[in-house]
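# Residue-level structure breakdown
The chain contents come next:
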Amino acid sequence: MPSCCDDVVLVHWADADRGARQSADALLAEHDDQAEGLRWVSRTLGEFPGCTVAATRDPGGRWLVSTLKLHNGRPLWMFLRGSVDKATAAGAVRLLCSLAAEVGG
């Protein structure tokens, strides 16, 4: 993984309290339902203004959906399908977060 991703503070939603969530650059959760996951991602970026990326994955690893909050207010979405284990999800979220500087996030 590129070194630019090393300093991203990624917090796993289920393992964190509100203070840890508020200090996160990226939040990663799990949802069984992709539609609920999409709603959670959108809601989370509004609730945690310091968070740059919110993402959720299927607990079985079938998909990952994440969004990068850009300064212009528009989201940059990333969808992955297939075998998305926890390590792959974390790497993808860190990489998307590192793109913030590149695309004006």
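Up top is the structure.
A few points on the structure. Everything quoted here is computed from the prediction, not taken from an experiment. (Residues numbered from 1 in each chain as written. Predicted model: local features only at pLDDT ≥ 70, side-chain atom pairs only at ≥ 80, totals over all residues. Heavy atoms only, no water.)

## Digging into the overall build of the protein
For the protein, the count of helices and strands is four helices and five strands. Starting at the N terminus, the α and β elements of the protein follow one another as β-α-β-α-β-β-β-α-α. Referenced to the eigenvectors of the C-alpha coordinate spread, the extents of the protein come out at roughly 30 × 30 × 25 Å. Buried positions account for 42% of the 105 residues belonging to the protein. Taking as baseline every contact in the protein between residues at least 6 positions apart, the subset at least 24 positions apart corresponds to 50%. Here the protein has roughly 5,600 Å² of accessible surface; of this, 52% comes from carbon and sulfur atoms. Across the protein, the 11 positively charged side chains and the 13 negatively charged ones have centroids separated by 6 Å. (Helix = DSSP H or I, 4+ residues; strand = E, 2+ residues; numbered from the N terminus. Buried < 20%, exposed > 50% of the residue type's maximum accessible area, 1.4 Å probe, protein only. Contact = heavy atoms within 4.5 Å. Areas by Shrake-Rupley, 256 points an atom, 1.4 Å probe, with all protein chains shown as cover. Lys, Arg positive; Asp, Glu negative; His and termini not counted. Charge placed at Lys NZ, Arg CZ, Asp CG, Glu CD.)

## Regarding helix 3 (residues 86-98)
Its 13 residues place the ends of helix 3 18 Å apart at the C-alpha level, agreeing with the 18 Å of an ideal helix rising 1.5 Å per residue. Its side-chain oxygen placed 3.3 Å from the backbone nitrogen of A87, D85 serves as the N-cap of helix 3. (Expected span 1.5 Å × (residues − 1). Polar contact = N/O pair within 3.5 Å; in protein donor to acceptor, adjacent residues only side chain to side chain.)

## Describing the environment of A24
Within the secondary structure layout, A24 lies in the loop between helix 1 (18-22) and strand 2 (26-30). In this structure A24 comes out as buried when scored by relative accessible area, which is 1%. When residues no more than four places from it in sequence are discounted, the contact partners of A24 are V9, V11, G50 and C51.

## Some details on the pattern of salt bridges
Inspection of every chain in the model, using the stated rule, returns five salt bridges. A salt bridge links R57 to E30, with the nearest nitrogen and oxygen atoms 2.5 Å apart. Residue R57 is found in strand 3 (residues 53-57), and its partner E30 is found in strand 2; the two are separated by 27 residues along the sequence. Given the relative accessible area of 37%, E30 is considered partly exposed. Residues E36 and R39 are paired through a salt bridge, measuring 3.2 Å at the closest nitrogen-oxygen approach. In this pair, E36 and R39 both sit in helix 2 (residues 34-47), three residues apart, roughly one turn of the helix. Given the relative accessible area of 45%, R39 is considered partly exposed. Put simply, E36, R39 and R43 are held in one network by salt bridges that share partners. (Salt bridge = Lys/Arg side-chain N within 4 Å of Asp/Glu carboxyl O.)

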